[in-house]
Amino acid sequence: MTQSRSLQRRAFVVGLLLLGAALVFYGLKPKRSEAPPVPPVLVYEWGNDLAVTEPPESAFRESVLSDPVERAVQRFLWGTPDLLYWTQKHLPEDQDRLARRLVQELDRIVEGAPLAARNAVLTLGLLDHESVVPALLRYAKQDPDYLQVVAIQALTHSPWTPEVEDTLAELTTHPNLQVRDAAQRAVLGREGFWDQDTIVEFLTVFEGREVNVLLDEVGEKDLHFAADAVALHLQSPLTLTRQIAIRTLLRLNDPRGDEQAAVEIRSDNPDRVSLGLSIYRDATVAPPPDLAERLAEHPSSDVRLCLAQAIRPECRGFDEHSERYVSILRRLADTTSYSIKRTATKELLRHGSFENLRRYREEIRSGHGDELKEAVQFLCEEVRDSEAAELIRARVQGTVEPSDHANLLFGLRFVGNESDIAHFIQLMHRGGTPEDERGGTQTYLSKHASIYVQTFGAITIPSLIRGYRESRNTYAKLLFLDALRGVADSSEVGEFWLELIRDESLPTLIRVSAAESMPFLEGMPWGTLIPELMETVADTTLVQRLRRVLLCYY
């Protein structure tokens, strides 16, 4: 018993000694730096990135990789929408063979791959080959309806043969709304296809959704002879058709349009009033000044915003009552609602009234948070105020909160000039170091700078290449490569990327990033250069990425 108590006391003492040692060690341990953590390279998120694709293994066959036409056809089978759109903009030279192959593939994929079939049909419309038109006519006449619509759209690029003309004319009365609308838009896009009697007859015989497209075209093309036929649809039970008819008559300067539009904005229903004001806006006709003055005090902020949007200098009737309209805009610009205030201020600027800019300039000079962000967006992005650049330059030279700094950088991209590029480059060099600061919840100031500097365009290329060479860490180098992707427009950039790909002393990550930058630069013979690089590069990961770039983009 005595021995047991002795052991317990000894264990207690040892425990105290260990606890004391731990406390001493913790006290002597260097404290963790309060600097922000260095962003890990492995989670770098590209602002300019390639479409994410997962080609099947069969697409990497040598017979596909070595054939530009087969590479393009393969993309229609598995490519993402972005990749398919890119392919349509960069079709291979042998378009006759491409047309034959697409027609050959269409019947096979239409059931199981509707997206691929849709894009293949749209691409056929871009090609000039004798096999294209019969295939498009066939798909325009048969289900599925989504393929009928794209076949009709593609036919608008084809030769206007009697068979094409008869098919589209027949489809203008198709029972399916989407097919009918597509056909109407196609035939109305052909000048002189419908004569006056045909247009009037169509508007008189058909109603509702069947005539919406034609009603719009009558207003767009200023077809006054159809005004009486349009007026028939003012009694339509369908709200949308009635609104389109009102807008068309307003565009035609027909008094029936003015009368019915005024009925809309006299309504007690705020939603109906807002829609009525949007009709005035879209028809570029100013609402009656008496009604506009009353609506400026409307309790609904949506109504007041729509009113500000509807009062524009180019609107018919504005000059006659300009002083009254300007007075209404001044009242709207004094509201607490940011969207109403911004819209009204912008319209006042178009009248030469600049007094409301002072409040926005003061926010840039000393504001913070959301107020600063709103002022920057309006004054720099929307208005491009000539004084904003100097205000921003003066402020970023002093001490400024990182989040405010990010907002000021956003504005400087729109109102700055070549002399401001150095400030963006300086911030990018801080990327991957403790000196970098968070400009937002997730994004560092260096990343904001790399995104916004791209707005300056090609003049940044020498600075970005030099910045890459002077960078001391991989993260910063990736920032410069990312920005270069957004401004690449010269062989200088292409040669720089080739230099990085060939440099075996560089990390694979950098070389792969350069390889995946190729599609961002037009004008370089990448389709020839990539196979040559694949023969000389030893890094297997890099070779795999080069093969993928070749397959997906060239």
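Positions within a chain are numbered from 1, following the residues in the order the chain's sequence is written. Side-chain atom pairs in this predicted model are given and counted only at pLDDT of 80 or more, local residue features only at pLDDT of at least 70, and totals for whole chains, interfaces and linings cover all residues. Think of the side-chain values as coming from all heavy atoms in the structure, minus any hydrogens and water.

**Student:** I would appreciate a short explanation of the nonpolar core in the present structure.
**Tutor:** Nonpolar side chains in soluble globular proteins tend to end up buried together. Ranked by size, the top nonpolar core spans 95 residues in total, and within it Ile152, Leu203 and Leu307 carry the most contacts. By the convention used here, residues are in contact when the closest approach between their heavy atoms is within 4.5 Å. Dropping the residues within four chain positions of it, Leu307 is found in contact with Leu277, Pro287, Ala292, Leu295, Ala296, Ile328 and Leu332. Within this scheme, the nonpolar core is defined by two criteria: the residues are buried Ala, Val, Leu, Ile, Met, Phe, Trp, Tyr or Cys, and they are joined through side-chain atoms within 4.5 Å. Burial here depends on accessible area, computed with a 1.4 Å probe over protein chains only, as a share of the maximum for the residue type. Under 20% is buried, over 50% is exposed, and the range in between is partly exposed.

**Student:** Just to check I follow, could you spell out the packing of aromatic side chains for this structure?
**Tutor:** Two measures describe an aromatic ring pair: the distance that separates the ring centres and the angle between the ring planes. Note on aromatic pairs: the rings of Phe, Tyr and Trp (six-membered ring only in Trp) are paired at centre separations within 6.5 Å, and the planes decide the class, stacked below 30 degrees, edge-to-face beyond 60, tilted for the rest. Counted by the stated rule, this structure contains 10 aromatic pairs. Plain terms: the ring middles of Trp86 and Tyr554 are 5.7 Å apart, the flat faces sit at 80 degrees to each other, and that makes the pair edge-to-face. You can see Trp86 sitting in helix H4 (residues 81-89) and its partner Tyr554 sitting in the segment after helix H32 (540-553), a full 468 residues away along the chain. The buried category is assigned to Trp86, whose relative accessible area is 15%. Between the aromatic rings of Tyr360 and Phe378, the centroid separation amounts to 4.5 Å while the plane-to-plane angle is 35 degrees, which identifies the pairing as tilted. With Tyr360 in helix H21 (residues 357-366) and Phe378 in helix H22 (residues 369-382), this residue pair connects regions lying 18 residues apart in the sequence. Residue Tyr360 shares its accessibility class with Phe378, and that shared class is buried. Whether a charge lies above a ring is judged from NZ of Lys or CZ of Arg, which has to be within 6 Å of the ring centre and within 35 degrees of the ring normal. Cation over ring: Lys477 sits above Tyr468, and NZ or CZ is 4.3 Å from the ring centre. Helix and strand assignments follow DSSP, with helices taken as H or I runs no shorter than four residues and strands as E runs no shorter than two, numbered in order from the N terminus.

**Student:** I'm lost on helix H3 (residues 68-78) in this one. Help?
**Tutor:** Because each turn of an α-helix spans 3.6 residues, side chains separated by three or four positions in sequence point in the same direction. Here H3 lies mainly inside the structure; nine of its 11 residues are buried. Tucked into the core, H3 has its buried residues touching helix H2 (62-65), H4, helix H5 (95-109), helix H6 (114-124) and H32. Throughout this description, a polar contact denotes any pair of N or O atoms lying within 3.5 Å of each other; where both atoms belong to protein, one of them has to be capable of donating a hydrogen while the other can accept it, and for residues adjacent in sequence the pair is counted only when both atoms sit in side chains. Measuring from the side-chain oxygen of the N-cap residue of H3 to the backbone nitrogen of Val69 gives 3.0 Å; that N-cap residue is Asp67.

**Student:** Sorry if this is basic, but what is going on with the environment of Asn269 here?
**Tutor:** Within the secondary structure, Asn269 sits in the loop between helix H15 (255-265) and helix H16 (270-283). Residue Asn269 is classed as partly exposed on the basis of its relative accessible area, which comes to 38%. A polar atom in the side chain of Asn269 sits 2.9 Å from the backbone nitrogen of Asp271.

**Student:** Whenever I open this one, the packing of helix H29 (residues 491-502) against helix H31 (residues 526-536) confuses me. Can you help?
**Tutor:** Each pair of packed helices gets described by two things: the angle between the helix axes and the distance between those axes. Lines fitted to C-alpha atoms define the axes here, with helix axes fitted over just the stretch in contact, and angles between the N-to-C directions of these axes take values from 0 to 180 degrees. Between H29 and H31, the shortest axis-to-axis distance is 12 Å and the interhelical angle comes to 15 degrees. One element, H29, and the other, H31, form an angle in the roughly parallel class. Relative to H31, H29 is oriented so that their crossing is right-handed. Along the contact surface, H29 presents Gly494, Trp497, Leu498, Ile501 and Arg502, while H31 presents Trp526, Leu529 and Leu533. Of the residues assigned to the contact of H29 with H31, the class counts are six nonpolar, one polar and one charged. Orientation categories follow fixed angle ranges, with anything under 35 degrees roughly parallel, anything over 145 roughly antiparallel, 65 to 115 roughly perpendicular, and all other angles oblique. Each crossing gets its handedness from the near helix: less than a right angle anticlockwise from the far helix is left-handed, clockwise is right-handed. Each residue is assigned to one of three groups, with Ala, Val, Leu, Ile, Met, Phe, Trp, Tyr, Cys and Pro labelled nonpolar, Asp, Glu, Lys and Arg labelled charged, and all others, Gly among them, labelled polar.

**Student:** Hey, could you run me through the environment of Gly125 in this one?
**Tutor:** Among the structural elements, Gly125 can be located in the loop between H6 and helix H7 (132-141). For the pair Gly125 and Asp258, spaced 133 residues apart in sequence, the C-alpha separation works out to 42 Å. Once residues lying within four places of it in the same chain are set aside, the contact partners of Gly125 are Leu136, Ala154 and His157.

**Student:** Hey, could you run me through the pattern of salt bridges in this one?
**Tutor:** Where charged atoms from two side chains of opposite charge come close, those side chains can pair. Salt-bridge detection follows one rule: a side-chain nitrogen of Lys or Arg within 4 Å of a carboxyl oxygen of Asp or Glu. One pass over the full model with this rule turns up 34 salt bridges. A salt bridge links Asp228 to Arg256; its shortest N-O distance comes to 2.9 Å. Taken together, the positions of Asp228 in helix H13 (residues 227-231) and Arg256 in helix H15 put the pair 28 residues apart, joining distant regions of the chain. Relative accessible area serves as the criterion here: at 54%, Asp228 is assigned to the exposed category. Between Glu390 and Arg393 there is a salt bridge, with the nearest N and O atoms lying 2.7 Å from each other. In this pair, Glu390 and Arg393 both sit in helix H23 (residues 388-396), three residues apart, roughly one turn of the helix. On the accessibility criterion, Glu390 (51% relative accessible area) is exposed. Counted as one network, the salt bridges with shared partners bring together Asp67, Glu70, Arg97, Arg101, Glu105 and Arg108.

**Student:** Can you help me understand unusual backbone geometry in this one?
**Tutor:** Excluding glycine, most residues fall at negative phi; most peptide bonds, likewise, are trans. Omega for the peptide link from Asp143 to Pro144 comes to 5 degrees, which places this bond in the cis form. Tracing the chain through its elements places Pro144 in the loop between H7 and helix H8 (145-155). Phi is positive for Asn253, close to 60 degrees, though the residue is something other than glycine. Even without being a glycine, Thr284 presents a positive backbone phi close to 50 degrees. Here Thr284 shows up in the loop between H16 and helix H17 (289-295).

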